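# Structural description and commentary
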2 protein chains.
Amino acid sequence: MKNVNTESTADTAQCPWTTREAELLAVTLQQLQQHGYDRLTVEAVAAAARASKATMYRRWPSKADLVLAAFIEGTRSSSVPPHTGSLRTDLLEIGRAVCEHSRDHTPTMRAVLNEMSHNPRLSQAFHEKFVIQRKMIIDGVLAAAVERGEIEESAINEEIFDLLPGYLVFRALVADRPPTEETVRTLVDTVLLPSLTRRVTEF
Amino acid sequence: MKNVNTESTADTAQCPWTTREAELLAVTLQQLQQHGYDRLTVEAVAAAARASKATMYRRWPSKADLVLAAFIEGTRSSSVPPHTGSLRTDLLEIGRAVCEHSRDHTPTMRAVLNEMSHNPRLSQAFHEKFVIQRKMIIDGVLAAAVERGEIEESAINEEIFDLLPGYLVFRALVADRPPTEETVRTLVDTVLLPSLTRRVTEF
């Protein structure tokens, strides 16, 4: 928490792909949204993007790897820490971004999670390339709030650091009630802020 | 919230299946845990249970229906409201049950969610037979806490009523950190109870 390097956090928003690779991933996302995971083939993506199958497989050894890369690329805009200057608006912004990406990518996310059950390598890649990046965003937002004196460091609980995005993702994936701005606001104002500020006796 | 009928809530724990149907679902769960969703076939379940394929398909029109029924049957023990006499221990008990079921059924749950993306009928069945039952449990626990004077009704927020099970399910499905007793305790003591009791000025 204390060692968060905000420069490297900001770097996570930089595109790790060449222009051509980013094009291939954009085509993958398009085809995912049109046909779903099961009916997507690497061959069809290659054909639609006028690439060779060899090019595709050299970069992404399986359909699951390709789809994970496309999903991460599709949600990259939310890998930038918000830096709005207040904890409340930072949290609202993180929540807004999760809602937006959930709306676009719920079926893809479900398909990737299902693949992860029998593909430990994919599971590891998802963790390293997605979960850890998201943790850095939240760590950065909370560290900035401590810095500004909005919360005490002791009020931050590592065990449930991802409560905000986690509950919103649950709503999108499982609950049949996609999360809305109202969900985010309720969560931030009635749960997260009261919990994070509960031991702070004066500012 | 106020109209919760605790008798019908308790009924949700009663088995809706005949002994033979419950056997078939138990075999399905066994095969799911052994082979995973993709490699499970209705034929293999029928063979292992010495049932005819016709019997299976008459009761559950597709593999997805069969698996959903098995999943719901496998988590039925947590469809009983805890009634421990205190809100804190009721919440801890709900959390404990979610952790236990998540441990056993994460791959099944991922497979069912993935199927739901392209099967609206399955999605509706999951909602009616699982999500709504779980809501009744939580509504019952909160209503009892209001009744006992532990919390004020105005502190209950419908928008995020499923925060406790939702975050735990997220941890099991997505976060690569299966939820533990410590997760539940932290969530209940540092987040849920402070939020639910925050407007209560005296007991």
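Since this is a predicted model, take the numbers as computed values, not measurements.

Once that is clear, we can look at the side chain of Glu21 of chain A. Residues and elements named next belong to chain A. Mapped onto the fold, Glu21 is located in helix H2 (residues 19-39). Residue Glu21 is classed as buried on the basis of its relative accessible area of 15%. Separated by 2.5 Å, the side chains of Glu21 and Arg59 make a polar contact. The residues touching Glu21, leaving out its near neighbours within four places in the chain, are Arg59 and Trp60.

Turning next to the environment of Glu153 of chain B. Mapping Glu153 of chain B onto the fold places it in the loop between helix H7 (120-147) and helix H8 (163-173). Sequence separation between Glu153 of chain B and Leu142 of chain B is 11 residues, and the spatial gap between their C-alpha atoms is 8.3 Å.

Under the fitted operation, chain A is carried onto chain B by 0.0 Å of movement along the axis and a turn of 180°, and the coordinates agree to an RMSD of 0.0 Å. Taken together, the rotation and translation describe the operation of a two-fold axis. Mapped onto chain B, 100% of the interface residues of chain A again fall at the interface, so both copies present the same surface.

This brings us to the UniProt feature "DNA-binding region" (unreviewed entry) in chain A. Those residues carrying the UniProt feature "DNA-binding region" (unreviewed entry) are residues 41-60 of chain A in this numbering. Within the segment residues 41-60 of chain A, helix and strand shares are 70% and 0% respectively, and the terminal C-alpha atoms sit 13 Å apart.

Within the largest apolar cluster, 126 residues are counted, with the highest numbers of intra-cluster contacts made by Leu87, Phe126 and Val174 of chain A together with Met56, Leu87, Phe126 and Val174 of chain B. Once you skip the residues sitting within four places of it in the chain, Val174 of chain B turns out to touch Met109, Leu113, Phe126, Val131, Val169 and Leu173 of chain A.

This part is about the pattern of salt bridges. Close approach of charged atoms allows side chains with opposite charge to pair. A complete count under the given rule lists 28 salt bridges over all chains for this structure. Taking the shortest distance from any N to any O, the salt bridge between Glu43 of chain A and Lys53 of chain A comes out at 3.5 Å. Pair noted here: Glu43 of chain A is in helix H3 (residues 42-48) and Lys53 of chain A is in helix H4 (residues 53-59), with a separation of 10 residues, a long-range link. Assessed through its relative accessible area of 34%, Glu43 of chain A is described here as partly exposed. Residue Lys53 of chain A is classed as partly exposed on the basis of its relative accessible area, which comes to 44%. Between Arg171 of chain B and Glu159 of chain A there is a salt bridge, and its shortest N-O distance comes to 3.0 Å. Of this pair, Arg171 of chain B sits in helix H8 while Glu159 of chain A is found in the loop between helix H7 (120-147) and helix H8 (163-173), placing the two residues in two different chains. Taken together, the shared-partner salt bridges in this structure form one network comprising Arg88, Glu182, Arg185 and Asp189 of chain A.

It is worth spelling out the packing of helix H9 (residues 181-196) of chain A against helix H9 (residues 181-196) of chain B at this point. Two measures define how a pair of helices packs: the angle their axes make with one another and the distance between the axes. Packing of H9 of chain A against H9 of chain B leaves a shortest axis separation of 9 Å and a crossing angle of 115°. Note on packing geometry: the crossing formed by H9 of chain A with H9 of chain B is right-handed. When H9 of chain A is examined against H9 of chain B, the residues Thr190, Val191 and Ser195 of chain A are found in contact with a partner set consisting of Thr190, Val191 and Ser195 of chain B. A breakdown of the residues in the contact of H9 of chain A with H9 of chain B according to their chemical character gives two nonpolar, four polar and no charged.

As a note on interpretation, predicted positions should not be read in detail where pLDDT is low. Summing up the model confidence of chain A, the mean pLDDT is 86 and the portion of residues at 70 or higher is 89%. Low pLDDT, under 50, characterises residues 1-12 of chain A; the predicted model gives this stretch 18 contacts beyond four residues in sequence or across chains.

Moving on, we get to the interface of chain A and chain B. Accessible area lost upon the coming together of the parts serves often as the stated size of an interface. With 40 residues of chain A at the contact, the number on the chain B side is 40 residues. Around 3,500 Å² of area is buried between chain A and chain B when both sides are counted, 59% of it from carbon and sulfur atoms. For chain A, the biggest contributors to the area lost against chain B are Arg110, Glu159 and Val174 of chain A; these three give 17% of the whole. Across the contact surface, chain A and chain B share four salt bridges. Close ionic contact of Asp162 of chain A with Arg177 of chain B constitutes a salt bridge, the shortest N to O distance being 2.7 Å. Across the contact surface, chain A and chain B share 16 residue pairs in polar contact (both at pLDDT 80 or more). Elements supplying a minimum of two residues to the side of chain A that touches chain B: helix H6 (87-117), H7, H8 and H9 of chain A. Grouping the constituent residues of the side of chain A that touches chain B by class yields 19 nonpolar, 11 polar and 10 charged.

Our focus in this paragraph is helix H5 (residues 63-74) of chain B. Residue and element names in this part refer to chain B. With 12 residues, H5 should cover 16 Å at 1.5 Å per step; its first-to-last C-alpha distance of 16 Å lies within 8% of that length. Counting buried residues along H5, 10 of its 12 residues qualify, which places the element largely inside the surrounding structure. Taken residue by residue, H5 has Ala64, Asp65, Leu66, Val67, Leu68, Ala69, Ala70, Phe71, Ile72 and Glu73 as its buried positions.

Residues and elements named next belong to chain A. With 28 residues, H7 should cover 40 Å at 1.5 Å per step; its first-to-last C-alpha distance of 38 Å lies within 8% of that length. At His127, H7 is bent by approximately 35°, the largest bend along its length. Positive backbone phi, at 80°, marks Gly149, one or two positions downstream of H7.

Going through the model one piece at a time under the given rule, you end up with eight aromatic pairs over all chains. Look at Phe71 of chain B and Phe130 of chain B: their rings are 5.2 Å apart centre to centre, the planes differ by 45°, and that puts the pair in the tilted class. With Phe71 of chain B in helix H5 and Phe130 of chain B in helix H7, this residue pair connects regions lying 59 residues apart in the sequence. The pair Phe71 of chain B / Phe130 of chain B is uniform in exposure class, with both members buried. By the ring-pair criterion, three or more aromatic residues cluster together here, those being Phe71, Phe126 and Phe130 of chain A. In this structure, Lys63 of chain A packs its charged tip against the face of Tyr37 of chain A, placed 4.5 Å from the ring centre. Geometry around Phe161 of chain B places Lys135 of chain B over its ring, the cationic atom sitting 4.2 Å from the centre.

Cut-off values and rules
- In this numbering scheme, every chain counts its residues from 1 along its sequence in written order.
- Each chain gets a letter, beginning with A, and each ligand a number, beginning with 1, in the order they are written.
- Restriction of local features to residues with pLDDT of at least 70 applies here, the model being predicted, together with a cutoff of 80 or more for giving and counting side-chain atom pairs; totals for whole chains, interfaces and linings are based on all residues.
- In computing side-chain properties, one takes all heavy atoms of the structure into account and sets aside hydrogens as well as water.
- In this text, helices come from DSSP runs of H or I with a minimum length of four residues, and strands from runs of E with a minimum of two, each type numbered from the N-terminal end.
- For every residue, the accessible area (1.4 Å probe, protein chains only) is compared with the maximum for its type, and the residue is labelled buried under 20%, exposed over 50%, or partly exposed between those bounds.
- We call two N or O atoms a polar contact when they sit within 3.5 Å, provided that within protein one can donate a hydrogen and the other can accept it, with sequence-adjacent residues counted only if both atoms are side-chain atoms.
- Contacts between residues were defined by any pair of non-hydrogen atoms, one from each residue, lying within 4.5 Å.
- Copy-to-copy superposition: least squares on the C-alpha atoms, limited to residues that have pLDDT of at least 70 in both copies.
- UniProt positions are given in the numbering used here, feature names are shortened, and annotations may be inferred rather than shown by experiment.
- Here the nonpolar core consists of buried residues drawn from Ala, Val, Leu, Ile, Met, Phe, Trp, Tyr and Cys, with membership extended through side-chain atoms lying within 4.5 Å.
- When a carboxyl oxygen of Asp or Glu lies within 4 Å of a side-chain nitrogen of Lys or Arg, that pair is called a salt bridge.
- What counts as an axis is a line fitted to C-alpha atoms, over the stretch in contact for a helix, and the angles between N-to-C directions run from 0 to 180 degrees.
- Two helices that cross are described as forming a left-handed crossing if the nearer one is turned anticlockwise from the farther one by less than a right angle, and a right-handed crossing if clockwise.
- Classes in brief: Ala, Val, Leu, Ile, Met, Phe, Trp, Tyr, Cys and Pro nonpolar; Asp, Glu, Lys and Arg charged; the others, Gly included, polar.
- pLDDT is a residue-level measure of predictor confidence that goes from 0 to 100.
- Buried area, as used here, totals the accessible surface that two parts lose on assembly, with accessibility defined by a 1.4 Å probe and the loss added over both.
- Helices are assigned an expected span. That span is 1.5 Å times one less than the residue count.
- The bend at a residue is defined as the angle formed between two axes, one fitted to the seven residues ending at that residue and one fitted to the seven starting there.
- We call Phe, Tyr and Trp rings a pair once their centres come within 6.5 Å, taking the six-membered ring for Trp, and we label the pair stacked below 30 degrees between planes, edge-to-face above 60, and tilted otherwise.
- Counted as over-ring charges are cases with an Arg CZ or a Lys NZ within 6 Å of the ring centre that also lie within 35 degrees of the ring normal.

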